[in-house]
Amino acid sequence: MSDEAGAEDVELEARLEEQAEFEPPESFVEQANVSDPEIYEEFDETWPNCWRAAAELLDWEDDYDQVLDDSNPPFYEWFTGGSLNASTNCLDRHLEERGDEAAVEWVGEPTDEANRTYTYEELHREVNEFAAALRDIGVEEDDVVTMYMPMIPELPIAMLACARIGAPHSVVFAGFSADALATRMNSADSEYLVTCDGYYRRGDALDHLDKANEGLESVEHDVESVVVDRLGDELEHSLAPNQHDYEELVTEHAGATVEPVDRDAEDMLFLMYTSGTTGQPKGVKHTTGGYLSWAAWTSQAVLDIKPEDTYFCTADIGWITGHSYIVYGPLALGTTTTMYEGTPDHPERDRLWEIVEDLEVTQLYTAPTAIRAFMKWGSEYPDAHDLSSLRLLGTVGEPINPRAWKWYYKYIGGEECPIVDTWWQTETGGMMVTTLPGVKNMKPGSAGPPLPGLDVEIVDTNGDQVEPGRAGYLTVQKPWPGMLRTLYQNDERYIEEYWEEYSDTDSDDPEDWVYFPEDGAKIDEDGYITVLGRVDDVLNVSGHRLGTMEIESAIVGVEGVAEAAVVGGEHELKGEAVYTYVITEDGYEGDDALRQRITESIEDAIGPIARPEEIVFTPELPKTRSGKIMRRLLEDIANEAELGDTSTLRNPDVVEEIRTKVQD
Ligand code: 6R9
């Protein structure tokens, strides 16, 4: 850390340290979309009808008959009998009033490349043309179309084109490996892929199509794909007969219009794979009516989005945050949503602040891992730019520590912007626990109370509410419109993963069903919730969910590895980092060559985000007498923490041995 940054911290701490609660600025409250504190009581009293407020933000083709059908828990249905189309809601209905206004403002990584601005009119046109093209190559309603694309405008275009023709999309993060792509396409039986030649990362032109092609080799069925040419002459590729050039396809369909397909509220809008406790990623199913109304309502109530805003979320569309809060929520509200292709430190560490200043960004939604990096780089970078257009700041993905919160508040928000610390998950579709920025005070480090109309309790292992201040498990006691409906073609696993823990699974009374997101949390006297982190075998590395089992199975596949355990260790910037403990097979040396093969195998199976921080070779793993690996101990070692109880171990000596290796 530079001296200057150090001095700033001291000053900041001195002034803000004791302040545990912050009121939203008056200027914000006056203009906020939601500013009436009565909303909490009102929603409680009228639940589930309160969620008409979310549905009302959308245009429906057929009105729904029932807000909630809870006759078959936990298979809840929302806005039943209603029908709508997501692309109509994100595009067509804005044309009359906002056709010439920017829908997507795209900033490429190279600074000498012009931004690409799509007005609603232009976005509508291109979505129609691509929808016609998709149909032409055979895509029908309900076919799952996979997208394996970085942050380029054709990604939201492809998503909306699918939505238009009623084909659910499944977006696979571009940083994931070829294997990860193949697993997801096989699991979803997806016969269509939209991808691209490559993209820029810190100045380099990265090849992406080679990786996509490698993935396709492991897909068990035929695939028709579309390839966007992002890099032009920088990268030449030849396309196979079942691969179509994006530009050629849309040119062939220039001027085409595609009648939006009427989708039932409960029809699938998309699938999103996420990590769970087992090695197999979970295909989370989201619907057209419930999900879209949830994305729209939370964007309006929490992010305070108005049509005239220029809103900027720095997430990647390959994750749920990008789905809900770059694409669907903002576009449903008719605002301008910003997409940035690159990293925040390219070419300089002020790239985001330059974008905020240039585009006069009004809301910025980012992650604690990014904020920690900004803080480390120092305030000279934001200070060099005029950030006064900002009205609200948001964070998501992992807990934010009060110091990072206060830095964000002061140096980015100029102490004039409320911060929303939003807790939610892929499965919840949108935000769940956070302050309403125009209503509630903020407490740094605590996400806040549940949103109105949500029933969140912090419970002990018996399901009884814990006292304020005590750690427990976060649960959601009533359904909500944005919830996942099931895991793709696996209703049984849906119940096992999310409901079994705290529900009476024999009951058909919804009161007996409780959703468990597998997070630990505590609550204070004012009902503010501090989320402590995952309580399952899932790591949160830079806000990305990684299953330890997925990583372990990649390691044990390496020749020379007998056994492996993966745990999370605290990391200054990433929040959590991957620590691996490996037992070699007889006759194999735990050396750098093997380390290299392990790292490569993890990158092949998942992607560079799962690259281990440390690989420790050990003759044994700490195990209980029943043979279970004591992960807690391995975590303590990674964190250089006081070791927990070792008395139940079969092999207590090994702990010291491992500790010496890690801490050397
Ligand atoms: C949206 C998203 C979900 C997990 C979740 C929790 C952690 C997300 C948080 C937070 C503390 C916050 N998480 N937001 N923890 N405070 N504001 O990140 O979805 O990728 O599915 O991750 O992230 O552990 O369970 P997803």
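In this text, all values refer to a predicted model and were calculated from it rather than measured experimentally. (Residues numbered from 1 in each chain as written. Predicted model: local features only at pLDDT ≥ 70, side-chain atom pairs only at ≥ 80, totals over all residues. Heavy atoms only, no water.)

### Structural notes on the site of the ligand
Okay, step 1: Around the ligand lies a shell of 17 residues, among which Asp421, Thr422, Thr426, Asp519 and Arg545 are the nearest.
Okay, step 2: Within the backbone of Pro399, a nitrogen or oxygen atom sits 3.5 Å from a nitrogen atom of the ligand.
Okay, step 3: Arg545 has a polar side-chain atom sitting 2.8 Å from an oxygen atom of the ligand.
Okay, step 4: Burial of the ligand by the surrounding chains reaches 96%, relative to a free accessible area of 530 Å².
Okay, step 5: Listed by contribution, the elements that provide at least two residues to the shell around the ligand are helix H13 (320-332), strand E20 (419-422) and strand E24 (529-534).
Okay, step 6: Residue classes in the shell around the ligand are distributed as six nonpolar, six polar and five charged. (Near = heavy atom within 4 Å. Polar contact = N/O pair within 3.5 Å; in protein donor to acceptor, adjacent residues only side chain to side chain. Areas by Shrake-Rupley, 256 points an atom, 1.4 Å probe, with all protein chains shown as cover. Helix = DSSP H or I, 4+ residues; strand = E, 2+ residues; numbered from the N terminus. Nonpolar A, V, L, I, M, F, W, Y, C, P; charged D, E, K, R; others polar.)

### Comments concerning the environment of Ala562
Okay, step 1: Structurally, Ala562 is set in strand E27 (residues 561-571).
Okay, step 2: For Ala562, a relative accessible area of 43% gives the class partly exposed.
Okay, step 3: As for Ala562 and Glu585, which are separated by 23 residues in sequence, their C-alpha atoms are 4.8 Å apart. (Buried < 20%, exposed > 50% of the residue type's maximum accessible area, 1.4 Å probe, protein only.)

### Digging into the pairing of strand E22 (residues 472-476)
Okay, step 1: In terms of residue burial, E22 counts as a mostly covered element, since four of its five residues are buried.
Okay, step 2: When strand E21 (residues 456-459) meets E22, the two strands line up antiparallel, connected through four bridges. Directly across from Val459, in E22, lies its bridge partner Tyr473.
Okay, step 3: Bridge count for E22 against strand E23 (residues 519-523) is two bridges, and the pairing is antiparallel. Across the sheet, residue Tyr473 finds its bridge partner in E23, namely Gly520. (Pairing = 2+ DSSP bridges.)

### Focus on the state of the cysteines
Okay, step 1: Counting across every chain of the model gives zero disulfides.
Okay, step 2: Left without a disulfide partner, Cys90 is nearest to the cysteine sulfur of Cys162, which lies 13 Å away. (Disulfide = S-S within 2.5 Å.)

### Describing the UniProt feature "domain: Acetyl-coenzyme A synthetase N-terminal" (unreviewed entry) in the chain
Okay, step 1: Under the UniProt annotation, the feature "domain: Acetyl-coenzyme A synthetase N-terminal" (unreviewed entry) is placed at residues 38-90.
Okay, step 2: As annotated, residues 38-90 has a helix share of 32% and a strand share of 19%, and its two end C-alpha atoms lie 30 Å apart. (UniProt positions renumbered as here; feature names shortened; annotations may be inferred.)

### Looking at the packing of aromatic side chains
Okay, step 1: Considering all chains together, one arrives at 34 aromatic pairs under this definition.
Okay, step 2: Aromatic pair Phe22 and Tyr409: ring centres 4.9 Å apart, planes at 65 degrees, arrangement edge-to-face. Linking Phe22 in the loop between helix H1 (3-16) and helix H2 (26-31) with Tyr409 in helix H17 (residues 402-412), this pair joins segments that are 387 residues apart in sequence. A single burial state applies to Phe22 and to Tyr409, both of which are buried.
Okay, step 3: Seen in terms of ring centroids, Tyr64 and Phe79 are 5.0 Å apart; in terms of plane orientation they differ by 55 degrees. Their pairing is tilted. (Phe/Tyr/Trp six-rings, centres within 6.5 Å; stacked < 30°, edge-to-face > 60°.)

### With respect to the side chain of His323
Okay, step 1: Its place among the elements puts His323 in helix H13.
Okay, step 2: Judged by its relative accessible area of 0%, His323 is buried.
Okay, step 3: The contact partners of His323, leaving out residues within four places of it in the chain, are Met159, His169, Val171, Phe270, Met272, Tyr291, Ile317 and Tyr328. (Contact = heavy atoms within 4.5 Å.)

### A few points about the pattern of salt bridges
Okay, step 1: Applying the stated criterion across every chain yields a total of 30 salt bridges.
Okay, step 2: A salt bridge links Arg391 to Asp309; the nearest nitrogen and oxygen atoms lie 2.8 Å apart. Highlighted residues: Arg391 in the loop between helix H16 (380-383) and strand E19 (392-396) and Asp309 in the loop between helix H12 (288-301) and strand E16 (310-313), separated in sequence by 82 residues. By the burial criterion, Arg391 is buried, and Asp309 matches it.
Okay, step 3: For Arg372, the salt bridge is made with Glu398, and the minimal N-O distance between the two is 3.2 Å. Here Arg372, found in helix H15 (residues 368-377), pairs with Glu398, found in the loop between E19 and H17; they are 26 residues apart in sequence, far enough to count as distant. (Salt bridge = Lys/Arg side-chain N within 4 Å of Asp/Glu carboxyl O.)

### Quick look at the side chain of Glu266
Okay, step 1: When you line up the elements, Glu266 lands in the loop between strand E13 (263-264) and strand E14 (268-274).
Okay, step 2: Given the relative accessible area of 13%, Glu266 is considered buried.
Okay, step 3: Among the polar contacts listed, one links the side chain of Glu266 to the backbone nitrogen of Trp78, at a separation of 2.8 Å.
Okay, step 4: A polar contact is formed between the side chain of Glu266 and the side chain of Arg485, at a distance of 3.0 Å.
Okay, step 5: Excluding residues that lie within four positions of it along the chain, Glu266 makes contacts with Tyr76, Glu77, Trp78, Lys285, Thr287 and Arg485.

### Points about the nonpolar core
Okay, step 1: In terms of nonpolar packing, the biggest core is built from 123 residues, with Leu123, Phe130, Met147 and Tyr328 touching the most fellow members.
Okay, step 2: Sorting elements by how many residues they give to this core places helix H8 (residues 154-165) first, with nine residues.
Okay, step 3: If we ignore the near neighbours within four places in the chain, the residues touching Phe130 are Ile157, Ala158, Ala161, Val194, Val226, Tyr246 and Val250.
Okay, step 4: Of all hydrophobic cores here, the second largest spans 35 residues; its members include Leu193, Leu209, Val227 and Leu539. (Core = buried A, V, L, I, M, F, W, Y, C linked by side-chain atoms within 4.5 Å.)

### Considerations on the packing of H12 against H13
Okay, step 1: In the contact formed by H12 and H13, the axes pass within 8 Å of each other and the chain directions differ by 85 degrees. If you check the angle between H12 and H13, you find them roughly perpendicular. Residues Tyr291, Leu292, Ala295, Ala296, Thr298 and Ser299 of H12 touch H13, and the partners they reach there are His323, Ser324, Tyr325, Tyr328, Gly329, Pro330 and Ala332.
Okay, step 2: Grouping the amino acids of the contact of H12 with H13 by side-chain chemistry returns eight nonpolar, five polar and no charged. (Axes fitted to C-alpha atoms, helices over the stretch in contact; angles between N-to-C directions. Parallel < 35°, antiparallel > 145°, perpendicular 65-115°, else oblique.)

### Points about the UniProt feature "domain: AMP-dependent synthetase/ligase" (unreviewed entry) in the chain
Okay, step 1: Mapped onto this numbering, the UniProt entry gives "domain: AMP-dependent synthetase/ligase" (unreviewed entry) at residues 92-480.
Okay, step 2: Note that residues 92-480 is 31% helix and 22% strand, and that its end C-alpha atoms are spaced 27 Å apart.

### A word on the sheet that holds strand E18 (residues 363-366)
Okay, step 1: The strand order E5-E4-E17-E16-E18-E19-E20 describes an open sheet built from seven strands, whose pairing is mixed. Taken across any chain shown, the strands that pair with only one partner, and hence form the sheet edges, are strand E5 (116-119) and E20. Pairwise comparison of adjacent strand axes, ignoring direction, gives a mean angle of 20 degrees for this sheet.
Okay, step 2: Bridge analysis of E19 against E20 gives four bridges, and the strand direction is parallel. Looking at E20, one finds that Gly394 is bridged to Val420.
Okay, step 3: Along the sheet face, helix H7 (residues 120-136) touches strand E4 (102-107) and E5 and points at about 85 degrees away from the line of E5.

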